[in-house]
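Summary of the model geometry
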Amino acid sequence: METSRRTVIAAAAAAGLTAATIGTAHAAGGSKPVRELFGKLADGTRIHRWSLANGGTRLKVLSYGGIVQSLEIPDRHGRYRNVSLGFDNIDDYVARTPYFGALIGRYGNRIGKGRFTLDGTSHQLSVNDGVNSLHGGAKGFDKRVWDVEGFASGSDVGLVLHHTSIDGEMGYPGTLRAKVTYTLTRNGDWRIDYEATTDKATVVNLTSHVYWNLAGEGSGSVYDHELEIAASRYTPVDSGLIPTGELAKVAGTPFDFRRTKTVGRDIRVAHQQLLYGKGIDHNWVLDKGITARPEQVATLRDPSSGRTLTIATNEPGLQFYSGNFLDGTLVGTGGHIYRQGDALCLETQHFPDSPNQPSFPSTVLRPGQTYRTSTVHSFGA
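The following paragraphs examine the structure supplied in this document. (Residues numbered from 1 in each chain as written. Predicted model: local features only at pLDDT ≥ 70, side-chain atom pairs only at ≥ 80, totals over all residues. Heavy atoms only, no water.)

Points about the overall build of the protein
The condition that has to hold: Strands are runs of DSSP state E lasting at least two residues, helices are runs of H or I lasting at least four, and both sets are numbered from the N terminus onward. Every radius of gyration here is taken over C-alpha atoms, with the globule rule written as 2.2 Å times N^0.38, N being the number of residues. Think of it in three bands: residues with accessible area under 20% of the maximum for their type are buried, residues over 50% are exposed, and the middle band is partly exposed, with areas taken using a 1.4 Å probe on protein chains only. The contact criterion used throughout is that any non-hydrogen atoms of two residues lie within 4.5 Å. Note that accessible areas follow from Shrake-Rupley with a 1.4 Å probe, and for residues the cover is restricted to the protein chains shown. Positive charge is attributed to Lys and Arg, negative charge to Asp and Glu, and no charge count is given to His or to the chain ends. For this purpose, a charge sits on NZ of Lys, CZ of Arg, CG of Asp or CD of Glu.
Looking only at helices and strands, the protein features 4 helices and 29 strands. Relative to the globule expectation of 21 Å for 381 residues, the C-alpha radius of gyration of the protein, 20 Å, shows essentially globular dimensions. On the principal axes, the C-alpha backbone points of the protein span a range of 65 × 50 × 40 Å. Scored against the burial criterion, the 381 residues of the protein give a buried share of 57%. Of the contacts formed within the protein by residues at least 6 apart in sequence, a portion of 67% connects residues at least 24 apart. Looking at the protein as shown, the accessible area adds up to about 14,900 Å², and 48% of this sits on carbon and sulfur atoms. Each charge class in the protein can be summarised by its mean position, and for the 40 positive and 37 negative side chains these summaries are 2 Å apart.

This is the structure:
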C-alpha cells in the first residue's frame, strides 16, 4: 500500500505538484484540521466543515451527521478526484435522505417492523422505511449535529466526533454516548474507530454510509468497477429487505464475489433477491467473522483510473448497496445528476435485524460495557 502511494506522489511531483498541494505528510505528521462555516440550519445552528489531508488523501467532514462531504485521492497519474457522492450545501443534506457520507446510528441498516424485544421489554422504534426502521429512524445520527474536535498526533491527523443520544430517542432505550474518530494516517489510510456506552441495555450498530465512485463523483456508472468480497455466505431478504434468518451460500448466485468480478456483471440476472433490492442491497457474512483487529474483507478497483479501495474491519458483516435508488433527482457536488448505479456503498456492520434474529451475532450493549469497532479504508492507484 505504501509503495503504491509513493509511486503516486512521485508522479505528482514529476507533474510539478508540491507535497502541500497533494496533501502528503511525513513522519513529523500533518497539519491540524481546518474548520470553516458550511451553512446554518433553520434554527440558526452553525454547521462547520473540517478539512484535513495526510499521505495523499484529502477529506472534508461536516459537523452535521459526521458526513464525509468529499474524499479526494489521486489516480495512477497523480490526478485528484472526489470519489464520494455528496451535496454542496447544507439545505440538500437536511431535506433529502440518501445518507450520503453519513455516520449511521443508533442502528445501521433495517430492523423489521421497527420493533424488538430486549430483556422481556418490547420497544417500538421510529419507522421510516415502509413498515421498517432504517438507519436509526426518521432522525438518526445522520441528522444530528456532532461535536467535533480536530487533532494532529505524531504522523496522524484526524477528527474526534461526539454525540449523546438520550433515552427513548427514536424509540431506543438508554442514553447512548457515542464517540467516533476519523484518522488519516501517513500512508493516506482513512480509519474509523467507533465507541459507545449506555446506561441501560440497548442495541447499537454504527457504520459509515459513503457512496463510492473511484472514477470520480458524477462520472457515471460504477458497474465496470471490479469488486472482491471475502464472504462465502450472505443473508437473503424478504420483499421488505428484512433478512429471512438464512445464511445462504453465494456459490452459483449473482452474490458470489469471492473472486474479483465487475459490479455489473450479474446485476441484471433474473434472481428474486435482485428483484427485491432493485439491484444489490444485501449483507455479506464475512468469512473471518468477528475479529480482534481489522482484517481485509473487500477490494474495489476502477480500471479507468487505476484507483483502488481496500477495506479492513473487525465487524462480521458488509452491506453492499449498488446505488439502486439514485433516481436522477439529486444533483451532486460537481453539478452532475446522480442516477441508478452511479456509486456503491460498502458498509461494515453487524447484520440487519439482528435484534430479532437470535442466530445472528448480538448487537446488545449493556451498562459497563463499551462498544468498539474499527474500519480502515486504504487507497492506491
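Next, the rest of the story.
Regarding the environment of Ser 208
When you line up the elements, Ser 208 lands in strand 16 (residues 207-209). If near-sequence neighbours (up to four positions away) are discounted, Ser 208 is found in contact with Ala 102, Trp 190, Ile 192, Tyr 194 and Glu 347.

Overview of the sheet that holds strand 14 (residues 190-198)
Filter applied, for reference: Strands were regarded as paired on the criterion that DSSP finds at least two bridges between them.
On the basis of which strands lie adjacent, the open sheet formed by 9 strands has the order 11-12-13-14-29-23-22-17-20 and antiparallel pairing. For this open sheet the edge positions go to strand 11 (147-153) and strand 20 (261-262), each flanked by a neighbour on one side alone. Relative to strand 29 (residues 371-380), strand 14 is paired through 7 bridges, and the arrangement is antiparallel. Bridge pairing in strand 29 links Ile 192 to Thr 375.

With respect to the nonpolar core
Quick note on the threshold: Residue types Ala, Val, Leu, Ile, Met, Phe, Trp, Tyr and Cys, when buried and joined through side-chain atoms within 4.5 Å, form a set referred to as a nonpolar core.
Counting residues in each nonpolar core, the largest one holds 57 residues, and the members touching the most others are Leu 71, Tyr 182, Trp 190, Trp 212, Ile 229, Trp 284 and Phe 320. If one sorts the elements of this core by residue count, strand 13 (residues 176-184) sits on top with 5 residues. Sequence-distant contacts of Ile 229, that is, excluding residues within four places in its chain, are made with Phe 257, Arg 258, Trp 284, Leu 286, Val 297, Ala 298, Leu 318 and Phe 320. In this structure, Phe 38, Tyr 64, Leu 85 and Leu 134 belong to the second largest nonpolar core, which totals 22 residues.

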